[in-house]
Amino acid sequence: MGKDDKKTDAKDGGKVNKAVKPDKFDRDKDKTTKPDKRIDKTLKRAEDRIGAIEASTTVAERLANAAKSSELLSAVWSLPPAQRLMFHHGVNANDVIGDSTPGFDGDKDDAERFIALSSSEIARYQNLLYANGVKGSRRRLLIVLQGMDASGKGGIVKHVFRQGNPMGIHYHGFGKPSAEELAHGFLWRVERELPDPGWISVFDRSHYEDIVMPHVYGTVPEAEWRARYDLINEFERNLVADGCAIIKIFLVVSKDEQKRHFLSRLEDPTKFWKFDVSDLDARDRWDDYMAAWQEVFEHTSTQSAPWYLVPADNRWYSRAVVSELLRTTLKNMNMTWPPLDAGVDPVEARRRLG
């Protein structure tokens, strides 16, 4: 167990999880080998396997090499984020330590290298997803990013999708509902931004704001916003049944780290545009917000659409976590490249091309 594993994390609910067994690398590695050396070796193997993908001569070989490279990237983690960071009932979000890095024994350089390699594979799987969508597959992906102000939601999109194809990625930030949006049900504006088949949609804030904000400020009768828990669970359950995978992430940033980011916005003229006094109002009600979010996790973290509570003081760690969750979700869709349409004669097509 690495030093950061001993810190509080989401899965352990504020306690060291002594029941977690060390992974294969921890059991098998030489006692004189430092964790960073293991990570370096594993990333090198993943990089070599990624290089072999383009040299593959068949579709099956390419997909096998891609799957193996993804497995090697996942081996960097002492315990997969999907297990360690998934919300479980009895866990309190306030116990998550913002500057912890559960499951990752490396440093910032290791994480950046991991993200670069993982991003290349995300781009590969994204193209595969898009191709299948063009050919009629209902597969698609929705990523929900939530967190207190300055938790790093925007930076995650830029870093994780750095090698992605804009054709196939839809980003939308939800703010205060407009008059038009308020004239409809609260899910109306969300449904308009859902991913098309083959696409990935990223929500910066989401339909969960329509529970948290009235919970904190009392802008909607309690009976009304509480009824939205069941509506959201049904909404997400139907999406998953229709082929839309959902990754819901709450970035847990500490108050000290948020303060540091707010001050940097006030000191750098190029960041003035990021600062809003309303952010301070929300900070003043930090405990109210976290209590509201705790209730959200308890009511809407389901088997088909669980929440992940990700420590976010170290941006390199939270970005690595999101990259891992995204890549493995796409990989687990078990897609293959669509064949030529029925009736297409490749020999005749080549003849016509001269």
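Read on for a plain summary of the structure. Note that the structure is predicted; figures quoted are calculated from it, not measured. (Residues numbered from 1 in each chain as written. Predicted model: local features only at pLDDT ≥ 70, side-chain atom pairs only at ≥ 80, totals over all residues. Heavy atoms only, no water.)

1. Observations regarding the packing of helix α9 (residues 209-217) against helix α13 (residues 286-300)
Running from N to C, α9 and α13 point in directions that differ by 135 degrees, and their axes come no closer than 9 Å. By the criterion of interaxial angle, the relationship of α9 to α13 is oblique. Between α9 and α13 the crossing geometry is right-handed. Seen from α9, the contacting residues are Glu 209, Ile 211, Val 212, Met 213, His 215, Val 216 and Tyr 217; seen from α13, they are Asp 288, Tyr 289, Ala 292, Trp 293, Glu 295 and Val 296. Looking at the contact of α9 with α13 residue by residue, the classes come out as nine nonpolar, one polar and three charged. (Axes fitted to C-alpha atoms, helices over the stretch in contact; angles between N-to-C directions. Helix = DSSP H or I, 4+ residues; strand = E, 2+ residues; numbered from the N terminus. Parallel < 35°, antiparallel > 145°, perpendicular 65-115°, else oblique. Left-handed = near helix turned anticlockwise from the far one by under 90°. Contact = heavy atoms within 4.5 Å. Nonpolar A, V, L, I, M, F, W, Y, C, P; charged D, E, K, R; others polar.)

2. Considerations on helix α6 (residues 153-160)
Across the eight residues of α6, six count as buried, placing the element largely inside the fold. Of the residues making up α6, those classed as buried are Lys 153, Gly 155, Ile 156, Val 157, His 159 and Val 160. Those residues of α6 that are buried are in contact with α5 (108-134), β1 (140-147), β2 (169-173), β3 (200-204), β4 (244-252) and α14 (315-331). (Buried < 20%, exposed > 50% of the residue type's maximum accessible area, 1.4 Å probe, protein only.)

3. Some thoughts on the environment of Leu 231
The residue Leu 231 is located in helix α10 (residues 222-241) in this model. For Leu 231, a relative accessible area of 41% translates into the label partly exposed. Considered as a pair, Leu 231 and Leu 187 are 44 residues apart in the sequence and their alpha carbons are 8.9 Å apart. Leave out the neighbours within four places in its chain, and Leu 231 touches Phe 186 and Leu 187.

4. Topic: the nonpolar core
In this structure, Leu 141, Phe 161 and Leu 330 are the most contacted members of the largest nonpolar core, which totals 47 residues. Counting 39 residues, the second-largest nonpolar core is a separate cluster that includes Val 96, Tyr 208, Phe 235 and Val 296. (Core = buried A, V, L, I, M, F, W, Y, C linked by side-chain atoms within 4.5 Å.)

5. Some thoughts on the packing of aromatic side chains
Aromatic ring pairs are defined here through the distance separating the ring centres and the angle between the ring planes. Within the structure shown, the criterion is met by 16 aromatic pairs. On the numbers, 4.9 Å between centres and 80 degrees between planes, the contact of Phe 174 with Phe 203 is edge-to-face. With Phe 174 in the loop between β2 and α7 (179-182) and Phe 203 in strand β3, the pair connects residues that are 29 residues apart, well separated along the chain. Look at Phe 174 and you get buried, because its relative accessible area is 6%. Classification of Phe 203 by relative accessible area gives buried; the value is 0%. Consider the rings of Phe 250 and Trp 293, whose centres lie 5.1 Å apart with planes at 50 degrees: the pair is tilted. Pair noted here: Phe 250 is in strand β4 and Trp 293 is in helix α13, with a separation of 43 residues, a long-range link. The buried category is assigned to Phe 250, whose relative accessible area is 1%. Above the face of the Phe 186 ring, Arg 228 is positioned so that its terminal group lies 4.7 Å from the ring centre. (Phe/Tyr/Trp six-rings, centres within 6.5 Å; stacked < 30°, edge-to-face > 60°. Lys NZ or Arg CZ within 6 Å of the ring centre and 35° of its normal.)

6. Points about the pairing of β3
Burial within β3 is extensive, with five of its five residues counted as buried. Of the two faces of β3, the one lined by Ile 200, Val 202 and Asp 204 and the one lined by Ser 201 and Phe 203 are each fully buried. As paired elements, β1 and β3 share five bridges and run parallel to each other. Counterpart to Leu 141 in the pairing with β3 is Ile 200. Pairing of β2 with β3 involves five bridges; the strand directions are parallel. Looking at the pairing, Tyr 171 lines up with Val 202 of β3. (Pairing = 2+ DSSP bridges.)

7. A look at the sheet that holds β4
Sheet strands associate in pairs through backbone hydrogen bonding, adopting either a parallel or an antiparallel arrangement. The strand order across the open sheet built from five strands is β2-β3-β1-β4-β5, with neighbouring strands paired in parallel fashion. Because the sheet does not close on itself, it has two edges, and the strands there are β2 and β5 (307-311). Sheet twist, expressed as the average angle between the axes of neighbouring strands with direction ignored, equals 20 degrees. Of the strand pairs in this sheet, β4 and β5 are connected by five bridges, and their pairing is parallel. Across the sheet, Phe 250 pairs through a bridge with Leu 309, a residue of β5. Running over the sheet, α10 touches β1 and β4 and is turned about 130 degrees from β4.

Just geometry here; none of it tells us what the structure is for.
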